[in-house]
Amino acid sequence: MGLGIWSMHFVGMLAINIPGTVHLHSFTTLLSIFPGILGSFIALCLLWRLGVRLPLPLRGTMFGACILVMNYIGMTGMNFDGYLSYSPALFVLSIIIAVILSYLALYIYDRLQNRLPIVAALGIGLAVSVTHYTGIEAAYFIKEDAALQPTALLLEDMSAVKVSASLLFLTLGIAVYLLVSKMTSATNQLHDTERRWKFAIDAAGDGVWDWNPQTDKAMFSRRWNEILGYAENEFTPTGAAVFKAIHPDDVRYVKKGVLEHVRKGGESPYKREFRMQTRDGDWKWVIARGKVLERDTHGSPVRMIGTLTDITERKQSEIDLLSSKRLLQSIIDRAPIRVFWKDRESRFLGCNILFAKDAGFTHPDQLIGKTDDEMGWKEQAELYRADDIKVIETGEAKLDFEEPQTTPDGRQIWLRTSKVPLLNPTTEEIIGVLGLYEDITKRKQAENELRLSKAQLSEAQRIAKTGSWTLDLSNNHLDWSDEVYRLFEIDKTQFNSSYEAFLDAVHPDDREMVNQAYLDSLNSHKPYEMTHRILVGDGHIKYVHETCETLFDKDGKALLSRGTVQDITERKQAEDQMRIAAVAFES
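Parameters at a glance
Residues numbered from 1 in each chain as written. Predicted model: local features only at pLDDT ≥ 70, side-chain atom pairs only at ≥ 80, totals over all residues. Heavy atoms only, no water. Helix = DSSP H or I, 4+ residues; strand = E, 2+ residues; numbered from the N terminus. Buried < 20%, exposed > 50% of the residue type's maximum accessible area, 1.4 Å probe, protein only. Contact = heavy atoms within 4.5 Å. Core = buried A, V, L, I, M, F, W, Y, C linked by side-chain atoms within 4.5 Å. Pairing = 2+ DSSP bridges. Axes fitted to C-alpha atoms, helices over the stretch in contact; angles between N-to-C directions. Salt bridge = Lys/Arg side-chain N within 4 Å of Asp/Glu carboxyl O. pLDDT = per-residue confidence, 0-100. Phe/Tyr/Trp six-rings, centres within 6.5 Å; stacked < 30°, edge-to-face > 60°. Patch = residues over 30% accessible without salt bridge, like charges linked within 9 Å, V, L, I, M, F, W, Y side chains within 5 Å. Areas by Shrake-Rupley, 256 points an atom, 1.4 Å probe, with all protein chains shown as cover. Expected span 1.5 Å × (residues − 1). Arc of directions from axis to C-beta. 1 Å grid on protein atoms, 1.4 Å probe; cavity = no way out; pocket = protein on both sides within 12 Å on 5 of 7 lines; lining within 4 Å. Points joined across faces, edges and corners; volume = space filled by probe spheres on them. Nonpolar A, V, L, I, M, F, W, Y, C, P; charged D, E, K, R; others polar.

This part is about the overall build of the chain. Along its length, the chain carries 18 helices and 20 strands. Counting the 587 residues in the chain, one finds 40% classified as buried. Across the chain, the fraction of contacts at a sequence separation of at least 24, relative to all contacts at a separation of at least 6, is 55%.

What follows is the structure, encoded as structure tokens:
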């Protein structure tokens, strides 16, 4: 553009009708090209390349001054027989026109941002042309032998150059000052940002790395070296050295992460956790984060920067926690009971293998996220959910209760279940319910069978009017069957259940006989049977036939006595009546 301005000026000079022969001074003519080039370079190129935008009025003035200097130096390079002077008013007008039109031309150039370059070019050409011809209009070409010689009212040709150059240097000085100020400020801000960034990185305990994948050269911060046990700048500053220090089992994983980051354009940051060998030969867990900052013309990365963080303690905690979880899961899986835990919405969070098998699955993970409505026992889902809600809302455990369950194959089994609140270990907040149960179906069946057997035995004893009893000699506890209570006409809730309580029910005249018979049996280790009377109800007498045997340990110590008691009152009364009748018959 500078050459275009300069060419336009001298082509325009050819259009001037100057008296006499005109020669151009070669050096001065060539010198005049530099202001045009300088103005174009500063106004349009240099400031954009530096990333600094000077105020538009200053750039317009600078550009206009360059046009003026080029114009008036070019005018000075003309040699002819006479003098060159300028009208002060028109000279000042040329300065004003140059500055204003240059401002407008650059304004158009900024606004269009290269969208319509022809419009910007016309604006700049107009500024140059009008300035040039205003300068020509201001010029007086006076022959040396002319009657009218230059007066004090006219400016000499060098004065015009000096004024134009002064304006140019003034604007250049201001531009340089602003440029230096802005660059200094930017540098200070950059240094401040770097200091803050470094402070933040150091405070976080992170190391910084800077790597050129093309040359393999790298830079590592002091903290980066410290993490691996090296002194500052001691670690070999290459990417190859880094990959060599990575655990053999992790190298492929790390390299794959770098390649994926580069192939994806580096949009998302690179992040990998792996092990690195320290200066002492130990292994540390670290996390590397990075991003490609610069690429060459082919798109290949030439600079990648990132951080390195020591996560050994966190990783060890995770390993310990995982080991603890595995140990706990192993214990739970080997426990002979079913264990499960749910969230507040009664969705399963986990269980042991026995529970999973009860649900028809092969692994506990298959239940995660499911509800009781999706299990074989969906018929009892509402019942189970109601218990869950009560435990979660009240925070109180519900222990050792029996409930039914439908198995995946349609059978009904019985469970003894306990549920307690599941707490967040950090906040102690209730986050769900923890439950366990055991299958008591067989025991339930045995209890039912025993209950039926007892009922049948009790009925048989009632019909035979024969009851059974046991006496635990270790605690003197006497246990009677229901028929014995009926026979003795005693309320079981009022009975003291002891040997002495039994003797109190024996007829006073028979107590000594009954007690002595029992003691003789204990001494002789032999069973016995006898008939005696008891006092029942309102004091009437019943006759009973009693049998007894005692169990002894290997040392001969009595442990347990057991026996039967039968109501023989009716038989005894019949025998007495027959005896009376026989006596009467003999009489």
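Turning to the nonpolar core, a few remarks are in order. If you look at the biggest cluster of nonpolar residues, it comprises 25 residues, and the most contacted ones within it are Trp469, Leu478, Trp480, Phe488 and Phe502. Elements that contribute at least two residues to this core include exactly strand 16 (466-472), strand 17 (477-480), helix 15 (482-488), helix 16 (499-505), helix 17 (511-524), strand 18 (528-536) and strand 19 (540-552). In terms of residue count, the dominant contributor to this core is helix 16 (five residues). Not counting residues within four places of it along the chain, the set of residues in contact with Leu478 comprises Trp469, Thr470, Leu471, Phe495, Ser497, Ser498 and Phe502. In terms of nonpolar packing, the next biggest core, distinct from the first, is built from 23 residues, Val254, Val286, Val292 and Leu308 among them.

Turning our eyes to something else, we now look at the sheet that holds strand 16. Strand order in the open sheet formed by five strands is 17-16-20-19-18, with antiparallel pairing between adjacent strands. Looking at which strands have only one partner, the edges of the open sheet turn out to be strand 17 and strand 18. Strand-to-strand, the axes of this sheet are offset by a mean angle of 25°, without reference to chain direction. For strand 19 and strand 20 (residues 558-567), the ladder comprises nine bridges, and the chain directions are antiparallel.

Before going further, it helps to examine the pattern of salt bridges. Evaluation of the coordinates by the stated rule reveals 25 salt bridges. Among the salt bridges present, the one from Lys342 reaches Asp372, with a minimum N-O distance of 2.6 Å. Of this pair, Lys342 sits in strand 11 (residues 338-343) while Asp372 is found in the loop between helix 12 (353-358) and helix 13 (381-394), placing the two residues 30 residues apart along the sequence. Pair check on accessibility: Lys342 and Asp372 agree, each one buried. Between Glu549 and Arg562 there is a salt bridge, with its nearest N and O atoms 2.8 Å apart.

Moving on, we come to the confidence of the model for the chain. Considering every residue of the chain, the mean pLDDT works out to 79; 71% of them sit at 70 or more. Overall, residues 46-51 carries pLDDT values under 50, and its contacts beyond four positions in sequence, including any with other chains, amount to twelve contacts.

As paired elements, strand 13 (residues 398-406) and strand 14 (residues 412-423) share seven bridges and run antiparallel to each other. Opposite Phe401, over in strand 14, you have Thr417 as the bridge partner. Here strand 13 folds back onto strand 14 in antiparallel fashion, the turn holding five residues, of which Gly410 has a positive phi close to 95°.

For the coordinates displayed, the defined rule picks out 18 aromatic pairs. The interplanar angle of 65° and the centroid separation of 5.2 Å between the aromatic rings of Trp480 and Tyr485 together place this pair among those described as edge-to-face. The same class applies to Trp480 as to Tyr485, namely buried. A centroid spacing of 6.2 Å and a plane angle of 45° characterise the contact between Tyr499 and Phe502, whose relative ring orientation is tilted. Of this pair, Tyr499 and Phe502 both sit in helix 16, three residues apart, which is roughly one turn of the helix. Judged by relative accessible area, which is 9%, Phe502 ranks as buried. Taken together, the aromatic side chains of Trp480, Tyr485, Phe488, Phe495, Tyr499, Phe502 and Tyr518 make up a single cluster linked through ring pairs.

Before going further, it helps to spend a moment on the sheet that holds strand 9 (residues 283-295). In spatial order, the strands read 7-6-10-9-8; together these five strands make up an open sheet with antiparallel pairing. The two strands at the open ends of the sheet, each matched to only one other strand, are strand 7 (218-220) and strand 8 (270-277). Ignoring which end each strand starts from, the neighbouring axes of this sheet average 25° apart. Its contacts with the sheet put helix 10 (residues 251-263) on strand 6 (207-211), strand 8, strand 9 and strand 10 (301-310), and the angle it makes with strand 8 is roughly 155°.

Below, the discussion takes up a nonpolar patch on the surface. A surface patch of nonpolar side chains, about 580 Å² in accessible area, is lined by Val92, Leu93, Ile96, Ile100, Tyr103, Leu104 and Tyr107. Residue placement: Ile96 occurs in helix 5 (residues 88-112). Owing to a relative accessible area of 43%, Ile96 belongs among the partly exposed residues under this scheme.

The end-to-end C-alpha distance of helix 13 is 20 Å, a good match for the 20 Å that 14 residues give at a rise of 1.5 Å each. Inspection of helix 13 places Ala381, Tyr384, Arg385, Asp387, Asp388, Val391 and Ile392 among the buried residues, and these make up the whole buried set. Projection of helix 13 onto a plane perpendicular to its axis shows the buried side chains occupying an angular sector of 160°, all on one side. Exposed and oriented more than 90 degrees from the buried face of helix 13 are Glu382, Lys390 and Glu393. The inward-facing, buried residues of helix 13 contact strand 11, strand 13, strand 14 and strand 15 (430-439). Following helix 13 by one or two positions, Gly395 adopts a phi angle in the positive range, close to 75°.

The next subject is empty space enclosed by the protein. On inspection of all chains with the given rule, the structure shows three cavities of 30 Å³ or more. Reported here for the largest cavity is a volume of approximately 230 Å³. Looking at the largest cavity, it is lined by 17 residues, and the ones nearest its centre are Trp209, Trp211, Val242, Phe243 and Ala288. Of the residues that constitute the lining of the largest cavity, the class distribution is 16 nonpolar, one polar and no charged. Within this model, the second largest cavity holds a volume of roughly 150 Å³. Lining the second largest cavity are 15 residues, with Trp469, Leu478, Trp480, Phe502 and Glu546 sitting closest to its centre. Those elements that place two or more of their residues in the lining of the second largest cavity are strand 16, strand 17, helix 15, helix 16, strand 18, strand 19 and strand 20. Among the residues forming the lining of the second largest cavity, the class breakdown is twelve nonpolar, two polar and one charged.

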